[in-house]
Amino acid sequence: RGQLLMQRCNVSGRLQYPPRPVSLVTGRRDLSWVPVSGSGTLYAWTLTHVPWPGHEHRTPYWCATIELDEGVRMITHLANVRDRELRAGMPVRLVWEALTPDQRYPAFEPV
């Protein structure tokens, strides 16, 4: 649906990621899914190299930890960025990248 959702403890109101069967705060199963803004800042990053089947070279891939404005950190792909632009605290926003025409995943890019 094009929304980034996070798990929220309905007792404490705190968000948690990655999702779990119980609240990290209360230990209860009283959880719900809520939309988040999709904006945040770059916390940390690394360049990885993913081999493609049938190819001798590896394709570089930016893997980043993003701190969402809501205070939750998530590990994801950092898209549309060059290494000389990267800096801690850089504002980023949510983008949806296509795996297939019917499947998309959340990634982030510089604002």
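For the structure, see preceding data.
Summary of the structure given here. Just so we're clear, the structure is a prediction, and the values are computed from it rather than from any experiment.

### Examining the pairing of strand 1 (residues 5–9)
Then, in step 1: Sheet analysis places strand 1 next to strand 3 (residues 31–35), joined by 5 bridges and oriented antiparallel. The residue of strand 3 that forms the bridge with Met6 is Val34.
Then, in step 2: Counting the residues between successive antiparallel strands, the hairpin from strand 1 to strand 2 (residues 15–16) contains 5 residues, one of them, Gly13, with a positive phi of roughly 80°.

### Digging into the packing of aromatic side chains
Aromatic ring pairs are described here by two measures, namely the spacing of the ring centres and the angle between the planes.
Then, in step 1: As enumerated under the stated definition, the model contains 0 aromatic pairs in all.
Then, in step 2: Seen from the ring of Tyr43, Arg73 lies directly overhead, with NZ or CZ sitting 3.6 Å from the centre.

### A closer look at the sheet that holds strand 1
Then, in step 1: If you walk across this open sheet you meet the 3 strands as 2-1-3, and the pairing is antiparallel. Two strands close off the open sheet at either side, each with one partner strand: strand 2 and strand 3.

About the cut-offs
Residues numbered from 1 in each chain as written. Predicted model: local features only at pLDDT ≥ 70, side-chain atom pairs only at ≥ 80, totals over all residues. Heavy atoms only, no water. Pairing = 2+ DSSP bridges. Helix = DSSP H or I, 4+ residues; strand = E, 2+ residues; numbered from the N terminus. Phe/Tyr/Trp six-rings, centres within 6.5 Å; stacked < 30°, edge-to-face > 60°. Lys NZ or Arg CZ within 6 Å of the ring centre and 35° of its normal.

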